[in-house]
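So you can see what is in the structure, the chains are spelled out below.
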Amino acid sequence: MLSAHQASAGGGRWELLQRSIGISAMHMQLLYNDRVVIFDRTDFGRSNISLPDGKCRRDPYESAVKMDCSAHSVEYDVPSNTFRPLMILTDTWCSSGTVATDGRLIQTGGFNDGDRTARRFNPCVGCDWEEIPEALAVRRWYATNQILPDGRAIVVGGRRQFNYEFYPKTGSNGVFLLPFLQQTNEKSENNLYPFLHLNVDGNLFIFANNRAILLDYGRNAVVKTFPAMPGGPRNYPSTGSSVLLPLVHDYEAEVLVCGGAPPGSFEKAASGQFVEALSTCGRIKITEPSPKWFVETMPVARAMGDMVLLPDGSVLIINGATQGAAGWENGRAPATNPVVYWPGKAVNSRFELQNPSTIPRLYHSSAVLLRDGRVLVGGSNPHSGYEFYGKEFPTELSLEAFSPTYLSSPRRNFRPAITFPPSRTKLGYGHSLSLRFRIPGGQGTNGVIVTLVAPSFATHSFSMNQRMLVLGRGMALPVSPLTYQIVVSAPKSSTLAPPGYYLLFIVHGGVPSEGIWIQIQ
């Protein structure tokens, strides 16, 4: 077996960034200042990093430590590979999040005194969390968020919540019943953290247990019911994962759901029987009149895996276990080898096994795409507290980066560098965008692809608001010996791309540039 820190052609490369950031990365979100907000839960007890300047958190409702001078959130600066502690007041355990149109992280719900709280984090120097008590109409624990075309977030489900609401509130402050969530609820509650994807028609795809619907949330009406996916439950606590595949056309959308645990795995794990995880993926074209699931088999069975859209249009499947289910001590046999899935390749040739990490990433791990094309990986704490000794899988406080094959040495001469426009350029719907880029080593161009990626909120094996659009592909025109230009059009509407910040990449010869931030408004 290859070392986790050896490069291998075709297999990706791992790099240890931080041995400890003081907390376990249960939740992660990249913001437009190239910093990642990371947080855990407050009721684990004290973390391994102190709050700055002698600050302490005083919470009479806290179930663990009522006077806590340790931090449960950090801000990780990607370019400098440094981090600083942040102050979270109420419990964020198993919560959800969205990035607002202005780039602020909006974080919702959690446990105990945090279950109806909303929190905001502004990407500015020295900023910290701001909390809004009772901002939610009901308790939201294990809920899922999705940004909508009007810039609001819809917050769906949660434990014993068969309904949804909107944040921020406009007009009605109430909740809207969603019987589908009750219909998919079982004793193991496989309707928690439902998979949400905004369809190209503006309706919301909702997947819970092994079933899915298309919801017109404006009318609170189910407009389509999909066939059940084979293989049993897929979302929490079976904990597979899901992505909306890259949008190439504005009239077609496909959803991919991979992994999870077979029926009964959660109960069996609690009694010491660790069933092999599911090795199947289901793919469905949700825009077809009569859609059907197409089932494929991964090279590695996996529960608790994260799925990350890469800028070249592939899907990275990373983290998790090959046996058991989510929950305390319920996972075994870590799935340390990532897998890349190529949506456009022929059937039976879509999966590529990657080099393994040496660090198991089980329950409460996470992964997000960075602007430089790497994937930041952190977390793993399958215990009800921080446990570092005497455990098969101790609490993990480290951060790693996984570099996909497109960042390998042989491909560097193909890597484009965007020279215009500058990062944080504003772009209107349907407007043209002229891009200039350089290719090192005098390499010519036989065609490029321009992709747009929404940074996602990652937790519990699902990346909320994750979305990729292909803006254009074709020949780029030379404007100097090493510089080329291509003109693309922005998405036509907020239904295709909700307003906010996106990463734009130019992909040449399968190798993406570093991204630039684009604000669509």
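Residues numbered from 1 in each chain as written. Predicted model: local features only at pLDDT ≥ 70, side-chain atom pairs only at ≥ 80, totals over all residues. Heavy atoms only, no water.

Some words on the pairing of strand β30 (residues 365–369)
- β30 sits mainly inside the fold: 5 of its 5 residues count as buried.
- Here β30 shows no split at all, with S365, A367 and L369 on one side and S366 and V368 on the other all buried.
- When β30 meets strand β31 (residues 375–379), the two strands line up antiparallel, connected through 5 bridges. Residue S365 lies in a different strand from β31, and its bridge partner there is G379.
- What sits between the antiparallel neighbours β30 and β31 is a turn of 5 residues, in which G373 has the positive phi angle 95 degrees. (Buried < 20%, exposed > 50% of the residue type's maximum accessible area, 1.4 Å probe, protein only. Helix = DSSP H or I, 4+ residues; strand = E, 2+ residues; numbered from the N terminus. Pairing = 2+ DSSP bridges.)

Things to note about the sheet that holds strand β18 (residues 211–216)
- Spatial ordering of the open sheet is given by β16-β17-β18-β19, a layout of 4 strands whose pairing is antiparallel. Of all the strands in the sheet, just β16 (195–198) and β19 (221–225) have a single pairing partner and so form its edges. Neighbouring strand axes in the sheet, compared pairwise and without regard to direction, differ in orientation by 30 degrees on average.
- Strand direction decides the pairing type here: β16 and strand β17 (residues 204–208), joined by 4 bridges, are antiparallel. (Axes fitted to C-alpha atoms, helices over the stretch in contact; angles between N-to-C directions.)

Observations concerning the sheet that holds strand β28 (residues 339–341)
- Strands sit in the order β24-β25-β28-β29 across an open sheet of 4 strands; the sheet is antiparallel. Each having just a single partner strand, β24 (306–309) and β29 (351–353) make up the two edges of the open sheet. This sheet shows a mean twist of 25 degrees between the axes of neighbouring strands, independent of strand direction.
- Both β24 and strand β25 (residues 315–318) contribute to a ladder of 4 bridges, which runs antiparallel. Counterpart to L309 in the pairing with β25 is V315.

Thoughts on the state of the cysteines
- Considering all chains together, one arrives at 3 disulfides under this definition.
- Residue C124 pairs covalently with C127 via a disulfide, S to S 1.6 Å. Handedness of the C124-C127 disulfide follows from its S-S torsion of about -65 degrees: it is left-handed.
- Owing to a relative accessible area of 24%, C124 belongs among the partly exposed residues under this scheme.
- By relative accessible area, C127 is classed as buried at 18%.
- Linked covalently through their sulfurs, C258 and C281 form a disulfide whose S-S length is 2.1 Å. Residues C258 and C281 are joined through a disulfide that is right-handed, its torsion about the S-S bond being 115 degrees. Placement of C258 in strand β21 (residues 254–258) and of C281 in strand β22 (residues 280–285) is noted, with a sequence separation of 23 residues between them. Across the pair, C281 and C258 agree in class, each one buried.
- Once the disulfide-bonded cysteines of the protein chain are ranked by sequence position, their pairing pattern turns out to be 1-2, 3-4, 5-6. (Disulfide = S-S within 2.5 Å.)

A look at the packing of aromatic side chains
- If you walk through the whole model with that rule in mind, you get 28 aromatic pairs.
- With 5.6 Å between their ring centres and 25 degrees between their planes, F195 and F207 make a pair best called stacked. You can see F195 sitting in strand β16 and its partner F207 sitting in strand β17, a full 12 residues away along the chain.
- The exposure class assigned to F195 is buried, which follows from its relative accessible area of 2%.
- Ring plane angle 25 degrees and centroid distance 5.8 Å describe the contact between F437 and Y484, whose orientation is recorded as stacked. Here the residue F437 occupies a position in strand β35 (residues 432–438), and Y484 occupies one in strand β41 (residues 483–489), the gap between them amounting to 47 residues. For the residue pair F437 and Y484, the accessibility class agrees, reading buried in each case.
- Among the aromatic residues, those joined into a ring-pair cluster are F44, W93, F111, W141, Y142, Y193, Y236, W328, Y363, Y386 and F388.
- Between the NZ or CZ atom of R41 and the centre of the ring of W93, over which it lies, the distance is 3.5 Å.
- One cation-aromatic arrangement involves R152 over F166; the distance from NZ or CZ to the ring centre is 4.2 Å. (Phe/Tyr/Trp six-rings, centres within 6.5 Å; stacked < 30°, edge-to-face > 60°. Lys NZ or Arg CZ within 6 Å of the ring centre and 35° of its normal.)

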